Amino acid sequence: MMALTVLLALLAALSNASASVLQRRAAVQEPDQDGGAGSAMRRFAHLLRRPSWLAGAGLLGLSSLLQAGALAVGSLSLVQPLLTAELLFTLVVGSVVFRRRPDGRTWLAFLALGGGLALFLLAASPSPGRPTARPEDWLLGGGGALGLVVLLVLIARPARGASRAALLGLASAVSFATTAALLKEAVGRLGQGPAEMFGHWSLYATGVAGLVAFLLLQGALGAGSLTASQPALTLGDALTSVVLGWALFGESIHVGVSLLPEAIGVAMIGAGSIGLVHSPSVGGEWDATDPKKSSGSSAAVPRSPRR
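This is a predicted model, so every value here is computed, not measured. (Residues numbered from 1 in each chain as written. Predicted model: local features only at pLDDT ≥ 70, side-chain atom pairs only at ≥ 80, totals over all residues. Heavy atoms only, no water.)

A. Highlighting the overall build of the chain. A tally of helices and strands in the chain yields 13 helices and zero strands. Going from the N terminus to the C terminus, the chain shows its helices and strands as α-α-α-α-α-α-α-α-α-α-α-α-α. The long-range fraction of contacts in the chain, counting pairs at least 24 apart against all pairs at least 6 apart in sequence, stands at 81%. Summing over all exposed atoms, the chain offers an accessible surface of approximately 13,800 Å²; the carbon and sulfur share of this is 71%. (Helix = DSSP H or I, 4+ residues; strand = E, 2+ residues; numbered from the N terminus. Contact = heavy atoms within 4.5 Å. Areas by Shrake-Rupley, 256 points an atom, 1.4 Å probe, with all protein chains shown as cover.)

B. View of the nonpolar core. Counting residues in hydrophobic clusters, the biggest one holds 24 residues, and the most contacted among them are Leu-71, Leu-76, Trp-138, Ala-181, Leu-244, Leu-248 and Phe-249. For this core, the secondary-structure elements that each account for two or more residues are helix H1 (2-29), helix H3 (51-73), helix H4 (76-82), helix H8 (161-188) and helix H11 (226-249). When residues in this core are grouped by element, the largest group, six residues, is from H8. Each residue touching Leu-76, except ones within four places of it in the same chain, is listed here: Leu-71, Pro-81, Ala-180, Ala-181, Lys-184, Ser-241, Leu-244, Gly-245, Phe-249 and Glu-251. (Core = buried A, V, L, I, M, F, W, Y, C linked by side-chain atoms within 4.5 Å. Buried < 20%, exposed > 50% of the residue type's maximum accessible area, 1.4 Å probe, protein only.)

C. Summary view of the environment of Phe-120. Residue placement: Phe-120 occurs in helix H6 (residues 104-124). Overall, the relative accessible area of 13% leaves Phe-120 in the buried class. For Phe-120 and Ile-269, which are 149 residues apart along the polypeptide, the C-alpha to C-alpha distance reads 9.4 Å. The contact partners of Phe-120, leaving out residues within four places of it in the chain, are Glu-262, Gly-265 and Val-266.

D. Structural detail: the packing of aromatic side chains. Taken as a whole and assessed by the stated rule, the structure comprises one aromatic pair. Look at Trp-138 and Trp-201: their rings are 5.6 Å apart centre to centre, the planes differ by 80 degrees, and that puts the pair in the edge-to-face class. Of the two residues, Trp-138 is situated in helix H7 (residues 135-156) and Trp-201 in helix H10 (residues 201-223); the sequence distance between them amounts to 63 residues. The ring of Phe-249 has Lys-184 lying over it, and the distance from NZ or CZ to the ring centre is 5.8 Å. (Phe/Tyr/Trp six-rings, centres within 6.5 Å; stacked < 30°, edge-to-face > 60°. Lys NZ or Arg CZ within 6 Å of the ring centre and 35° of its normal.)

E. Quick look at the side chain of Thr-179. Along the chain, Thr-179 falls in helix H8. Those residues in contact with Thr-179 that sit more than four places away from it in its chain are Thr-206, Ala-209, Gly-210 and Ala-213.

F. Expanded view of H8. With 28 residues, H8 should reach 40 Å at 1.5 Å per residue; the first-to-last C-alpha distance of 40 Å fits that figure. With 21 of 28 residues buried, H8 is to be regarded as a mostly interior element. (Expected span 1.5 Å × (residues − 1).)

G. Main features of a nonpolar patch on the surface. Nonpolar side chains collect at one region of the surface, where Leu-4, Leu-7, Leu-11 and Leu-14 lie side by side and expose about 320 Å² of accessible area between them. Examined against the element boundaries, Leu-4 turns out to sit in helix H1. Owing to a relative accessible area of 40%, Leu-4 belongs among the partly exposed residues under this scheme. (Patch = residues over 30% accessible without salt bridge, like charges linked within 9 Å, V, L, I, M, F, W, Y side chains within 5 Å. Salt bridge = Lys/Arg side-chain N within 4 Å of Asp/Glu carboxyl O.)

H. Structural detail: the pattern of salt bridges. Summed over the entire model, instances satisfying the criterion amount to five salt bridges. A salt bridge links Arg-130 to Asp-137; the nearest nitrogen and oxygen atoms lie 3.5 Å apart. The class of Arg-130 is partly exposed, set by a relative accessible area of 29%. A residue is classified by how much of its surface remains accessible, and Asp-137, at 12% relative accessible area, is buried. Here Glu-136 ties to Arg-134 by a salt bridge, and the two come within 3.5 Å at their closest N and O atoms. Given a relative accessible area of 47%, Glu-136 falls into the partly exposed group. Take Arg-134: its relative accessible area is 41%, and that puts it in the partly exposed class. Via salt bridges that share partners, Arg-130, Arg-134, Glu-136 and Asp-137 belong to a single interconnected network.

Take a look at the structure:
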């Protein structure tokens, strides 16, 4: 069962990464003009006619199905952190789609981020909990997640460029983690029969939370480079899921002697984040131009004047 959980989660990560890259490609073809709600609606209408954006939307749907399968056989604290593989998948798929490779420092930063979180989770070794959560736990955990998303969106409103992309990416991450928790609640009730699952509020709340996460993701992709939004999106999702797994389903992590490797993992995450901020690829925004209009060179792309 563990092998099946890992396989489904990794396939979901690959599908998510491919979706992000394809929709980022569509986003740079339809840049955000900061022209208010009317401009945003026109931009979204144009995105709907982009084959790469539609393909990305389809891959997001496939990822949701794979994620649901993984959550049906595994814990939230295991499934969501496995999606950190999305970081490396994003670099691989992105380098093909945008026809230029990130520099070595960017690769090292991403490896530090993903490796640090992997070390933390291996040391923490999250344990399975309840298949469903108590109503009072949903009031606390769901309310806290909602408040955090609202706060991040408010902070992101005056920001621009990489900062805005990172904040919206983190808000999207919390929303996706909450969506996963709601989905686990729904599939956890499937054991009591389809009527129990379809008659419970969690299934429909999953759709609402997923839509909010999807819209926040579009904002993050349009605001700045994947190197700014993707770490916040992927790592934020994983860490939030560990917290929600504990708060909602009683999933626990190891402490005691495990605290040392857990601390090393957190330090690696911090070092990777700092390295990413100072990476030449972030300054060059390697995914900021339409690959059809570029020469295909691996040189850095000049920074947009808007950022």
